[in-house]
Amino acid sequence: MRDTLKDKKRIVFKIGTSTLTHDETGRLDLVKMEKFVRILTDLHNQGKDIVLVSSGAVAVGRVALGLTERPTEISVKQACAAVGQSRLMMVYQKLFSEYSQKIAQVLMTKVTIANDKSRHNANNTFRELLHMGVIPIVNENDTVATDEFDLGDNDYLSAIVSAIVKADLVVLLSDIDGLYTDDPNKNENARLIPYVEHITDDMLEMAKGPATDFGTGGMSSKLGAAGIANDAGADLVIINGNDMANIDRLFSGEEIGTMFKAHKTRHFHLKNYFYLILAL
């Protein structure tokens, strides 16, 4: 199964806030970001279509504005996102330009999923960008949203994007090695689950919440994202993003992280999942 990953042609990468930033300060880890950008560009140079779903705007804005605690008011979160999104994209632009790789910013909301015309337009935009050799960098449009912060730190968004662009693989870069039989931070006997054919109720029950002050997505949102991506026809893999070399290991066939096998649902329609996400 792992040997087939190197042949995937359209890949959605999701990187979370806790992977992008230093734990101690919440500031961007520029060394890690540079390695990540270099690897993505190299994969693109191999002829693969790459889409990046990147968190981090709120955290970057929070640090820039000097806020010591995670904001709870929507208006404050939106202000942090407004400040942080431009700063985050500026860093991505600088790093990707070092390798002459074109990027584009795509901001989405739940309306993109619910509205047929918006979803169709998003599909057309992604198709043209990928055809032009551009790497789209996607985030939720937090500055105008009122309830988008409940989506699970872009885990669900990565699955939604994979369905829109018809990706055959989603890679979630996390601060944990994958799905375990229990919380490995509390149970030393917890075992990594390398392969999941179908997500069970037991897996959903043992999924834990966010582990850091700057991140917002937990394992439960990653399982939900895996369910959507698998139904849409994409394999999904969770790997530890603290070591960017894990991406190379993944595509060389090493058994790292947890792989969720695709099982495309007949008559899959993304709009049906919008109401499930609303209920979270």
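Residues numbered from 1 in each chain as written. Predicted model: local features only at pLDDT ≥ 70, side-chain atom pairs only at ≥ 80, totals over all residues. Heavy atoms only, no water.

Draft legend 1. Spatial organisation of the environment of isoleucine 160. Inspection of the secondary structure puts isoleucine 160 in helix H7 (residues 155–165). Separated by 68 residues in the primary sequence, isoleucine 160 and isoleucine 228 have C-alpha atoms spaced 7.3 Å apart. (Helix = DSSP H or I, 4+ residues; strand = E, 2+ residues; numbered from the N terminus.)

Draft legend 2. Just helix H3 (residues 57–64), in detail. Judged by how many residues are buried, H3 sits mostly within the fold: six of eight residues are covered. For H3, the complete set of buried residues consists of Ala57, Ala59, Val60, Gly61, Arg62 and Val63. (Buried < 20%, exposed > 50% of the residue type's maximum accessible area, 1.4 Å probe, protein only.)

Draft legend 3. How the structure looks around the sheet that holds strand S5 (residues 169–174). Across the sheet, which stays open at both edges, the eight strands sit in the order S3-S4-S2-S1-S5-S7-S8-S6 with mixed pairing between neighbours. Among the strands making up the open sheet, the edge pair consists of strand S3 (103–108) and strand S6 (195–196). Bridge count for S6 against strand S8 (residues 258–260) is two bridges, and the pairing is parallel. Opposite tyrosine 195, over in S8, you have methionine 259 as the bridge partner. Where helix H4 (residues 74–97) meets the sheet, it contacts strand S1 (10–15), strand S2 (49–54), S3 and strand S4 (135–140), and its direction lies at approximately 155° from that of S3. (Pairing = 2+ DSSP bridges. Contact = heavy atoms within 4.5 Å. Axes fitted to C-alpha atoms, helices over the stretch in contact; angles between N-to-C directions.)

Draft legend 4. Just the packing of aromatic side chains, in detail. Per the counting criterion, the structure on display carries three aromatic pairs. Seen from their ring centres, tyrosine 92 and phenylalanine 96 are 6.3 Å apart, and the 35° between their planes marks the pair as tilted. With a gap of four residues between them, tyrosine 92 and phenylalanine 96 both fall in helix H4, about one helical turn apart. What makes tyrosine 92 buried here is its relative accessible area of 1%. An aromatic cluster is present here, built from Phe13, Phe36 and Phe251 joined pairwise through their rings. (Phe/Tyr/Trp six-rings, centres within 6.5 Å; stacked < 30°, edge-to-face > 60°.)

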